[in-house]
Amino acid sequence: MTTRTSTVTVAWPEANARRLSRQHLYPAAAPSGAGLSGPEAVGAMLGAHAQVLSAAELSVGLRADGVTRTGVRTALWTDRTLVKTFGPRGTVHLLPAGDLPLWTGALSAVPTGTSPFAKDARMTPDQVAAVVAAVADALTGRELTIDELTDEVVARTGPWAGDPVMPAFRTMWPRWRQVLHLAGHRGALCYAPNRGRKATYTNPGSTPLPGPQAVAALVERYLHAYGPATPAHFAKWLAAPKRWADELFAALASAGAIEEVAFEDAGVAWVVAGDTAFPDGPVRGVRLLPYFDAFTIASQPRERLFPGAAYQRALAGGQAGNYPVLLVDGEVAGVWHQRRAGRRIAVTVETLAPLRPAQLRALEEQVERVAEVLEATAELAVGKVVVGAHA
């Protein structure tokens, strides 16, 4: 990528403080979360990872004062101001309904790369297009379980779509399911309310924005939330090819949409053009974040967010999100675990260094906030977390 000489130098504490501010995570660094709606909080973090819905509810509620899990579920299933669908990296996310055309336009424009499936299990581009069209048609105005959707897809495309060729959880899934997440990326499906214990899907009825427009907008939102960042950071967050991201950033830089800065530990990095104001110093305070919180996954360089012993204790093989984390002064300083029994939650927090009395009081307040979001009562214990990653 051709670049010009950076005129702004950004240190890690400044970048981290701005990211936390824009995530609405630290009152001292950010506007209060009071009045922030669930969809606004989700928009600020660029999607809440929702493979475990209770973790997504915590991610949202910890950013928006007064928002509980009931509020998130109401926004999702009643008001429909949130959508549960396949987001970055092909994983399940909550996204603001108003942003769905942008997301589907951008995600459907990301190169998919080589199929990871065996040769005899793969689908041709024409088959992929046929399945996505069949999914969109079958789900229009309807809510179907995965088995019902399989029947509809096979009826519309042919028996080949139902061939059990995908190894999954001690069974074999039908061929078409390898593009389930792609159907979500193209706007053909999203989640609907569960039917008992079974997930259901529907057509969100949203038309994706044109790919180039949507991708450019997503880069700007990403840099607003997580910049300064490099094309490699963006590619990793999105699970996109690095070369594609390099070319995308180069085009946006040539168009004057983004500009470079000198970023500590990363060299040349990028921000939205003109967005070069940063806080004067680091944040102070204590925060608890749940599994797969967007901030811990997207923030780079990861070694700075997880300093020293935190890199070994709070990451799973270098992968963020598998442990709920304790932030102290904006950096990971421990892990935590909750165990629920009815309306009571036992919260265990393992700190990597002793907390001062004021920090312990702040931790107690955070545990109370976790309980409020999850509509329960909680008790805190400071000690060793004995469960493994994503337990």
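Before going into details, it helps to say that this report is about the structure given with it.

Some remarks on the overall build of the chain
Piece 1. A tally of helices and strands in the chain yields 15 helices and 16 strands.
Piece 2. For 391 residues, the compact-globule estimate of 2.2 N^0.38 gives 21 Å, and the C-alpha radius of gyration of the chain, at 22 Å, lies within 12% of that figure.
Piece 3. Taken along its principal axes, the extent of the C-alpha atoms in the chain is 65 × 60 × 40 Å.
Piece 4. Going through the 391 residues of the chain one by one, you find that 51% of them count as buried.
Piece 5. Residue pairs in contact within the chain that sit at least 24 positions apart in sequence constitute 64% of those at least 6 positions apart.

Digging into the layout of surface pockets
Piece 1. Volume-wise, the largest pocket comes out at about 620 Å³.
Piece 2. Together, 24 residues line the largest pocket, and Thr112, Gly113, Gln178, His181 and Leu182 are the ones closest to its centre.
Piece 3. Of all elements in the fold, only helix H6 (125-139) and helix H8 (180-185) reach the threshold of two or more residues within the lining of the largest pocket.
Piece 4. Top contributing element to the lining of the largest pocket by residue count: H8, with three residues.

Regarding empty space enclosed by the protein
Piece 1. Enumeration according to the criterion identifies one cavity of 30 Å³ or more in this entry.
Piece 2. The space that makes up the largest cavity amounts to roughly 60 Å³.
Piece 3. Lining the largest cavity are 13 residues, and of these Gly47, Arg89, His93, Trp237 and Ala294 sit closest to its centre.
Piece 4. Those elements giving two or more residues to the lining of the largest cavity turn out to be strand E2 (48-49) and helix H12 (294-298).

Quick notes on the sheet that holds E2
Piece 1. What the three strands build is an open sheet, ordered E2-E4-E3; its pairing is antiparallel. One side of each edge strand has no neighbouring strand; the edge strands of this open sheet are E2 and strand E3 (82-86).
Piece 2. Of the strands in this sheet, E3 and strand E4 (92-96) are in contact with helix H4 (residues 69-78), which crosses E3 at around 75 degrees.

Describing the sheet that holds strand E10 (residues 258-263)
Strand-to-strand pairing in sheets goes through backbone hydrogen bonds, with the strands running parallel or antiparallel.
Piece 1. Taken together, the three strands give an open sheet; going across it, the order is E1-E10-E11, and neighbouring strands pair in mixed fashion. The sheet terminates laterally at strand E1 (9-10) and strand E11 (267-272), the two strands that pair on one side only.
Piece 2. Direction of pairing for E10 relative to E11: antiparallel, over a ladder of six bridges. Within E11, the residue paired with isoleucine 258 across the bridge is valine 272.
Piece 3. Its contacts with the sheet place helix H9 (residues 211-226) against E10 and E11, and it is angled at close to 110 degrees to E11.

A closer look at the pairing of E3
Piece 1. Most of E3 is tucked away: five of the five residues are buried.
Piece 2. Across five bridges, E3 lies against E4 in antiparallel orientation. Following the sheet pairing, leucine 82 is matched in E4 by proline 96.
Piece 3. Hairpin connection between E3 and E4: a loop of five residues separates the two successive antiparallel strands, and arginine 89 in this loop has a positive phi of roughly 65 degrees.

Brief notes about H6
Piece 1. The end-to-end C-alpha distance of H6, which contains 15 residues, comes to 21 Å, matching closely the 21 Å that a straight helix rising 1.5 Å per residue would cover.
Piece 2. Taken as a whole, H6 has its buried residues at Val128, Val131, Val132, Ala134, Val135, Ala136, Ala138 and Leu139.
Piece 3. Two residues or fewer past H6, glycine 141 is found with a positive phi of approximately 75 degrees.

Overview of the environment of alanine 188
Piece 1. For alanine 188, the position within the fold is in the loop between H8 and strand E8 (190-195).
Piece 2. For alanine 188, a relative accessible area of 3% gives the class buried.
Piece 3. Each C-alpha atom of the pair alanine 188 and proline 174 lies 18 Å from the other, and the pair is 14 residues apart in sequence.

Thoughts on the side chain of asparagine 16
Piece 1. Tracing the backbone shows asparagine 16 in helix H1 (residues 12-22).
Piece 2. Aside from chain neighbours lying at most four places away, what touches asparagine 16 is Phe295, Leu305, Gly330 and Glu331.

A look at a nonpolar patch on the surface
Piece 1. Among the surface-exposed residues, Leu360, Leu380 and Val382 lie close enough to one another that they form a single nonpolar patch of about 210 Å² accessible area.
Piece 2. Within the secondary structure, leucine 380 sits in strand E16 (residues 377-382).

Notes on the packing of helix H10 (residues 231-238) against helix H11 (residues 242-254)
If you want to describe how two helices pack, look at the angle between their axes and the distance between the axes.
Piece 1. Axis separation between H10 and H11 bottoms out at 8 Å; the angle between their running directions is 130 degrees. The orientation of H10 relative to H11 falls into the category oblique. Of the two elements, H10 crosses H11, and the hand of that crossing is right-handed. Residues Pro231, Ala232, Phe234, Ala235 and Leu238 of H10 pack against Lys242, Trp244, Ala245, Asp246, Leu248 and Phe249 of H11.
Piece 2. Looking at side-chain class alone, the contact of H10 with H11 contains nine nonpolar, no polar and two charged residues.

Calculation notes
- Residues numbered from 1 in each chain as written.
- Predicted model: local features only at pLDDT ≥ 70, side-chain atom pairs only at ≥ 80, totals over all residues.
- Heavy atoms only, no water.
- Helix = DSSP H or I, 4+ residues; strand = E, 2+ residues; numbered from the N terminus.
- Rg over C-alpha atoms; globule rule 2.2 N^0.38 Å.
- Buried < 20%, exposed > 50% of the residue type's maximum accessible area, 1.4 Å probe, protein only.
- Contact = heavy atoms within 4.5 Å.
- 1 Å grid on protein atoms, 1.4 Å probe; cavity = no way out; pocket = protein on both sides within 12 Å on 5 of 7 lines; lining within 4 Å.
- Points joined across faces, edges and corners; volume = space filled by probe spheres on them.
- Pairing = 2+ DSSP bridges.
- Axes fitted to C-alpha atoms, helices over the stretch in contact; angles between N-to-C directions.
- Expected span 1.5 Å × (residues − 1).
- Patch = residues over 30% accessible without salt bridge, like charges linked within 9 Å, V, L, I, M, F, W, Y side chains within 5 Å.
- Areas by Shrake-Rupley, 256 points an atom, 1.4 Å probe, with all protein chains shown as cover.
- Salt bridge = Lys/Arg side-chain N within 4 Å of Asp/Glu carboxyl O.
- Parallel < 35°, antiparallel > 145°, perpendicular 65-115°, else oblique.
- Left-handed = near helix turned anticlockwise from the far one by under 90°.
- Nonpolar A, V, L, I, M, F, W, Y, C, P; charged D, E, K, R; others polar.

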